[in-house]
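Chains, contacts and geometry: an overview
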Amino acid sequence: MNSTLLKYGSLIFLLPFLQVSIFNNILLLDYINPLFYIIFVFVFPLSKNKTNLLLISFLLGICIDLLTNDGGIHAFSLVFIAYIRLFFLYVLTGKNDSDLDQLKISKLSFPILFIWISLLTFIHHFIVFYLEQFSLIRFDNLLLKTFLTSLLSIVLIIFGLQLFLKKKSNA
Amino acid sequence: MLQLIKFFKNNSVFFLFVFLELIAFVFIIKSHSFHHSKYLNSANALSGSLLNKSNQISNYFKLSTQNETLAKENELLKNKLEQTTYNPDNQQTNTNTPSKYTSISAKVISNPYFKRNNILTLDKGSNDSIKPNMGVILSNGIVGITLKVSKNFTTVLSLLNSQTKINAKMQKSSHYGSLAWDGNDFTEVQLMDLPIQANIQIGDTIMSGGKSVFFPEGIPIGTINDFSINNKSYTSIKVRLFADFSALDHVYVISNRFSEEQIKLESESIDE
């Protein structure tokens, strides 16, 4: 358990670095900027005890906030999707707490994985952009920005996930 | 009592969740009142050096445009120099008194102009005598006001931020208004509180007004692009900026020798 904690804890440093040095330089149409770091919530091993996941998510979010001057926006939204991710997976697969041992992210079928990631990414991005402007004026703009940015993030996250899971199965 | 403890134990993850969200929310609220946000900003050594490194990499791709801007600025300054040397009218200006403003050049290392609330990071800090509440400008526009300063880095409250309001005036008449950004388009800001007597037209130039302590008077900002009149007052005057906020690079931090004195005097006068 400690070694997995160490392994995923090190992502606190790796993901902000990747986000700032690579993904913040990707800018389509001058405002679509993918938020890749949330891949953390999709690679952290599924477990009934959410304490570790919540704590590391919070720290990761704070690191991103530090680098982007966003107060606590990323910490807030990342902890939120970290808390609800298991619930969404249960709904999608029709399983519950007792089947958790059989559930592995690498064993999920692609459609379920895709829908799971898309839903959580969309929710996360919506919270981030809502908190950024802190009002519901121009709601259509907010939705459009959320939708377009989510599309890009989802594609990148699924690519990243393939790399990550492949590496894990080789090791 | 035992049941209470059991209740907390059973729901401990939920309480942890609520607790973390509350902390994050407090940080968000604090960041909205900028002058109190002491905790999370990128003017610290670790964040600053990471942003600096990542900027160095992407810098190579921007070199040619940067050269062009600097060359243009050089040309402008040379022209000005020649005018002052050969123009006999200008001899009355007293060159012995040092100027009220001095400028420090710095580089922008983080510029997320796609956000609603922009905060820039510069690669210089208190080691280069930058302090909070100094103006940041370009040769063709206003960038913002410095917020937090560490030894080697500074964060800047950009003009493209819901918290920023900057005093501005018309070039042709001296009517004042204030500039703010509605978050839509980073090439356009809105001019507000301009009296109807200003009689504006599309294409008029807007400059920085002398009323704020942060900026010297008369820096060109942009031209009026569109406006409408409602009930004998202007609504939504759009100003197209001269400066390209998507390509900020070399900027100048303006230090006003008398800013502290002026702010102190003004606040004392209000108190009385």
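Residues numbered from 1 in each chain as written. Chains lettered and ligands numbered in written order. Predicted model: local features only at pLDDT ≥ 70, side-chain atom pairs only at ≥ 80, totals over all residues. Heavy atoms only, no water.

**Quick look at the overall build of chain A**
From N to C terminus, chain A includes seven helices and zero strands. For chain A, the sequential pattern of α-helices and β-strands runs α-α-α-α-α-α-α. Out of the 171 residues belonging to chain A, those deemed buried represent 51%. A fraction of 67% describes how many contacts in chain A between residues 6 or more apart in sequence connect residues 24 or more apart. (Helix = DSSP H or I, 4+ residues; strand = E, 2+ residues; numbered from the N terminus. Buried < 20%, exposed > 50% of the residue type's maximum accessible area, 1.4 Å probe, protein only. Contact = heavy atoms within 4.5 Å.)

**Side note on the overall build of chain B**
Looking only at helices and strands, chain B features five helices and twelve strands. Considering chain B as a whole, with its 272 residues, one finds that 42% of them fall into the buried category. In chain B, once contacts between residues fewer than 6 apart in sequence are set aside, the share between residues at least 24 apart is 59%. Put simply, chain B shows about 15,600 Å² of open surface, and 55% of that area lies on carbon and sulfur atoms. (Areas by Shrake-Rupley, 256 points an atom, 1.4 Å probe, with all protein chains shown as cover.)

**Notes on empty space enclosed by the protein**
All names here are of chain A. Inspection of every chain in the model, using the stated rule, returns three cavities of 30 Å³ or more. By volume, the second largest cavity is sized at about 50 Å³. Lining the second largest cavity, in full, are F44, P45, S47, N49, K50, L53, A82, R85 and L86. (1 Å grid on protein atoms, 1.4 Å probe; cavity = no way out; pocket = protein on both sides within 12 Å on 5 of 7 lines; lining within 4 Å. Points joined across faces, edges and corners; volume = space filled by probe spheres on them.)

**Focus: unusual backbone geometry**
All names here are of chain B. Of note in the backbone geometry, S129 takes a positive phi value of approximately 55 degrees without being a glycine. Its identity as a non-glycine residue notwithstanding, N133 has a phi of 65 degrees, on the positive side. The topology assignment puts N133 in the loop between β2 (119-122) and β3 (135-138). You can call N133 partly exposed: its relative accessible area is 33%.

**Describing the pairing of strand β12 (residues 250-256) of chain B**
Residue and element names in this part refer to chain B. Counting buried positions along β12 yields five of seven residues, so the element is predominantly enclosed. Sheet analysis places β3 next to β12, joined by three bridges and oriented antiparallel. Paired with I137 across the strands is Y252, a residue of β12. (Pairing = 2+ DSSP bridges.)

**Quick word on the packing of aromatic side chains**
Evaluated as defined, the whole model comprises eleven aromatic pairs over all chains. With a centroid separation of 6.0 Å and 85 degrees between ring planes, the pair formed by F87(A) and F88(A) is classed as edge-to-face. Its relative accessible area of 53% is what places F87(A) among the exposed residues. What makes F88(A) buried here is its relative accessible area of 18%. Centre to centre, the rings of F14(B) and F15(B) are 6.0 Å apart; their planes meet at 65 degrees, and the pair counts as edge-to-face. (Phe/Tyr/Trp six-rings, centres within 6.5 Å; stacked < 30°, edge-to-face > 60°.)

**So, the pattern of salt bridges**
Per the counting criterion, the structure on display carries three salt bridges over all chains. Between K145(A) and E132(A) there is a salt bridge, with the nearest N and O atoms lying 3.7 Å from each other. Placement of K145(A) in helix α7 (residues 139-170) and of E132(A) in helix α6 (residues 110-133) is noted, with a sequence separation of 13 residues between them. The residues K145(A) and E132(A) share a single accessibility class, namely buried. The salt bridge involving D249(B) is made with K107(B); its shortest N-O contact spans 3.7 Å. Taken as a pair, D249(B) in the loop between β11 (233-241) and β12 and K107(B) in strand β1 (residues 101-110) lie far apart in primary sequence, 142 residues in all. Like K107(B), D249(B) is buried. (Salt bridge = Lys/Arg side-chain N within 4 Å of Asp/Glu carboxyl O.)

**Details of helix α5 (residues 73-93) of chain A**
Residues and elements named next belong to chain A. Its 21 residues give α5 an end-to-end C-alpha distance of 30 Å, which sits within 8% of 30 Å, the value for a rise of 1.5 Å per residue. Taking burial as the measure, the 21 residues of α5 include 16 buried ones, the bulk of the element. Immediately downstream of α5, the backbone of G94 shows phi near 70 degrees, a positive value. (Expected span 1.5 Å × (residues − 1).)

**Details of the nonpolar core**
F40(A), W116(A) and I117(A) are the most contacted members of the largest nonpolar core, which totals 59 residues. Elements with a contribution of two residues or more to this core: α2 (11-21), α3 (39-43), α4 (51-68), α5, α6 and α7 of chain A together with α2 (12-32) of chain B. It is α5(A) that provides the largest number of residues to this core, a total of 13 residues. Setting aside anything within four residues of it in sequence, one finds I117(A) in contact with F42(A), I154(A), I157(A), I158(A) and L161(A). V143(B), W181(B), A198(B) and I224(B) belong to the second largest nonpolar core, which has 43 residues in total. (Core = buried A, V, L, I, M, F, W, Y, C linked by side-chain atoms within 4.5 Å.)

**Focus: the interface of chain A and chain B**
Contact with chain A, which involves 34 residues of that partner, is made by 35 residues of chain B. The tally of links from chain A across to chain B stands at zero salt bridges. In this structure, the connection of chain A to chain B is made through zero residue pairs in polar contact (both at pLDDT 80 or more). Taken together, the elements giving at least two residues each to the side of chain A that touches chain B come down to α2, α4, α5, α6 and α7 of chain A. Ranked by residue count, the leading element in the side of chain A that touches chain B is α4(A), at eight residues. When the residues that make up the side of chain A that touches chain B are grouped by side-chain class, the tally is 18 nonpolar, ten polar and six charged. (Polar contact = N/O pair within 3.5 Å; in protein donor to acceptor, adjacent residues only side chain to side chain. Nonpolar A, V, L, I, M, F, W, Y, C, P; charged D, E, K, R; others polar.)

**Digging into the sheet that holds strand β6 (residues 166-170) of chain B**
All names here are of chain B. Reading around the circumference, β6-β7-β8-β11-β10-β9 is the order of the six strands in this closed barrel, with antiparallel pairing throughout. Within the sheet, the average angular offset between the axes of one strand and its neighbour, ignoring direction, is 40 degrees. Of the strand pairs in this sheet, strand β7 (residues 176-180) and strand β8 (residues 188-192) are connected by three bridges, and their pairing is antiparallel. In the sheet register, L179 faces β8, and the bridge partner there is L191. (Axes fitted to C-alpha atoms, helices over the stretch in contact; angles between N-to-C directions.)

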